[in-house]
Amino acid sequence: MNRHQTLTKSKHIDSTCVGGAVVVFAKCPLPGTSKTRLSALLGADGAASLARAMLSDILVSLSESPQLKNTLKVLMYAPGTKSGESTMIGLLQSLNLSHQTENAYCADTHQQSIDACNSMDFDGWLLLPMLSTDGNTNAHQQSKSDLTSTTLGDKLIDALERSRRLLKRRKQYDQDNNNNNNNNNNDAVLFLGMDSPELPIKEIVHGLQIAHGKSNIGKAHLCPADDGGYGLLSVPHHAPSSCIFTGVRWSTSLTAVSQLKALSDSNVDVSVGRLMHDIDEAGDVQKLAMRLAQGDKRKTQVHDVLTEYSSGIIASDTAKPNCYRTMQTLVDLGVLLINGDDTKQHTVNSELFDKDS
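Residues numbered from 1 in each chain as written. Predicted model: local features only at pLDDT ≥ 70, side-chain atom pairs only at ≥ 80, totals over all residues. Heavy atoms only, no water.

### Focus: helix α6 (residues 201-212)
- Taking 1.5 Å of rise per residue, the 12 residues of α6 would be expected to cover 16 Å, and the 17 Å separating its terminal C-alpha atoms lies within 8% of that figure.
- In terms of residue burial, α6 counts as a mostly covered element, since 9 of its 12 residues are buried.
- Among the residues of α6, I201, E203, I204, V205, H206, G207, L208, I210 and A211 are the ones counted as buried.
- Two residues or fewer past α6, G213 is found with a positive phi of approximately 70 degrees. (Helix = DSSP H or I, 4+ residues; strand = E, 2+ residues; numbered from the N terminus. Expected span 1.5 Å × (residues − 1). Buried < 20%, exposed > 50% of the residue type's maximum accessible area, 1.4 Å probe, protein only.)

Here it is in structure tokens:
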């Protein structure tokens, strides 16, 4: 399936709710540890603020998408410590997003009682600590866990296996409570990072659907990033967790290519979707600001035209991009400048990047 076919098919599934699980891999947005390569441009606090805004937009977009209403949402955080848990709880609370921590349920099926399963909030975010370097997944016992390239494959394997167990438990929950929700038969797991705030919801929905497939025979779906990595990967239920991340060359220009090879070597068919944009370097921030400023102008023009002919056409302020927290943070940091008295028009502060270079 080529890119055109993938995106064309996505256009026909907007009104469809899908099941499966979306797992967001996220590093706690803290000064000095988050987006450190942006510190020279934005300062440590500014880099952390941008990381927090990007992650916030991702979490809110996923939560508010009607297509993902029946999708299990997992926030896999690092460091997977008690402090990391507190940071992520505070972020979700600031966004008014419901959540449950690992203490509210047991991640391992054999520890889970029926009563505890019935108390789970499958509509909110499930907070899971990322696998630590010593193999621990208990947030109260970990001392260190991070998103390092040397252990990323192990973390993805662990996240895939734990997410699959959660999906099985939700299916059992529906059976015990006579909930006839066919969407929860979807066992696909889709991984997202926190570096691409311009979230492609249609691509996510398509990835979950294609991984589920007809007659439960699905294929993987990967969206490459412009730096050679990838920003999205959906995995079908039959993909062997122990093999599909073997040999992947993390944090290189060959990450996406080597991931495709690992899937192919594991006899997992894969389709390739749209290009995504990771925000890691100063140049990435400049390009992001340019895209948001241009998109803001286009949406403002559409908003003005429609409002002129019929004020009842628009139910919400379409001039706001779906990553408006990121955009507001770029304004606060002086990356984006407001054009005069028109708060809907922005330009990129080119002097900031000239100074950085």
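### Remarks on the packing of helix α2 (residues 39-64) against helix α9 (residues 324-332)
- In contact at an axis separation of 7 Å, α2 and α9 are set at 160 degrees when each is read in the N-to-C sense. Relative to α9, the element α2 lies roughly antiparallel. Judged by the twist between their axes, the crossing of α2 over α9 is right-handed. Here S49, L50, A53, M54, S56, D57 and V60 of α2 come into contact with α9, specifically with Y324, R325, T326, T329 and L330.
- Taken together, the residues of the contact of α2 with α9 sort by class into 6 nonpolar, 4 polar and 2 charged. (Axes fitted to C-alpha atoms, helices over the stretch in contact; angles between N-to-C directions. Parallel < 35°, antiparallel > 145°, perpendicular 65-115°, else oblique. Left-handed = near helix turned anticlockwise from the far one by under 90°. Contact = heavy atoms within 4.5 Å. Nonpolar A, V, L, I, M, F, W, Y, C, P; charged D, E, K, R; others polar.)

### Here's the deal with the sheet that holds strand β1 (residues 21-27)
- The strand order across the open sheet formed by 8 strands is β3-β4-β2-β1-β5-β7-β6-β8, and the pairing between neighbours is mixed. Among the strands making up the open sheet, the edge pair consists of β3 (99-100) and β8 (270-272).
- Helix-sheet contacts for helix α3 (residues 82-94) involve β1, β2 (72-78), β3 and β4 (125-129), and the interaxial angle to β2 is about 135 degrees.
- Running over the sheet, helix α5 (residues 152-176) touches β1, β2, β4, β5 (189-192) and β7 (230-235) and is turned about 140 degrees from β5. (Pairing = 2+ DSSP bridges.)

### Topic: the pairing of β2
- Most of β2 sits inside the fold, with 7 of its 7 residues counted as buried.
- Residues L72, V74, M76 and A78 point to one face of β2 and K73, L75 and Y77 to the other, with burial holding for every one of them.
- In the sheet, β1 pairs with β2 via 7 bridges, with the strands oriented parallel. Within the sheet, the bridge partner assigned to V23 lies in β2 and is V74.
- A crossover connection joins β1 to the parallel β2 through α2; in handedness this β-α-β unit is right-handed.
- Examined bridge by bridge, β2 and β4 share 5 bridges and lie parallel to one another. Residue pairing for β4: Y77 is matched across the bridge by P129. (Right-handed = clockwise from strand over helix to strand, strands pointing away.)

### Quick word on the nonpolar core
- In this structure, V24, L59, L62, L75, M88, L192 and I204 are the most contacted members of the largest nonpolar core, which totals 35 residues.
- Those elements that place two or more of their residues in this core are β1, α2, β2, α3, β4, β5 and α6.
- The leading source of residues in this core is α2, at 6 residues.
- Grouped together as the second largest cluster of nonpolar side chains are 33 residues, V23, A239, I244 and L263 included. (Core = buried A, V, L, I, M, F, W, Y, C linked by side-chain atoms within 4.5 Å.)

### Observations regarding the pairing of β5
- Side-chain alternation along β5 places V189 and F191 on one buried face and L190 and L192 on a second face that is also buried.
- The sheet contact formed by β1 and β5 spans 4 bridges and is parallel. What sits directly across from A21, in β5, is V189.
- When β5 meets β7, the two strands line up antiparallel, connected through 4 bridges. Residue pairing across strands places L190 opposite S234, the latter belonging to β7.

### Topic: the pattern of salt bridges
- Under the definition given, this model contains 10 salt bridges.
- Two residues, K35 and D280, come together in a salt bridge whose shortest N-O distance is 2.9 Å. In this pair, K35 is assigned in the loop between β1 and α2 and D280 in the loop between β8 and α8 (282-309), connecting sequence segments 245 residues apart. The same class applies to K35 and to D280, which are both buried.
- Salt-bridge contacts for D265 lead to K261; the nearest nitrogen and oxygen are separated by 2.7 Å. Here K261 and D265 lie together in helix α7 (residues 255-265), a separation of 4 residues that amounts to about one turn.
- A relative accessible area of 52% places K261 in the exposed class.
- In this structure, a network of salt bridges that share partners links the residues K35, R37, D195, D280 and E281. (Salt bridge = Lys/Arg side-chain N within 4 Å of Asp/Glu carboxyl O.)

### Topic: the packing of α2 against α3
- At their nearest, the axes of α2 and α3 sit 11 Å apart, and the two run at 60 degrees to each other. With respect to their mutual orientation, α2 and α3 come out oblique. Of the two elements, α2 crosses α3, and the hand of that crossing is right-handed. Mapping the contact onto sequence places R52, L55, S56 and L59 in α2 and M88, G90, L91, L92 and S94 in α3.
- Taken together, the residues that form the contact of α2 with α3 break down as 5 nonpolar, 3 polar and 1 charged.

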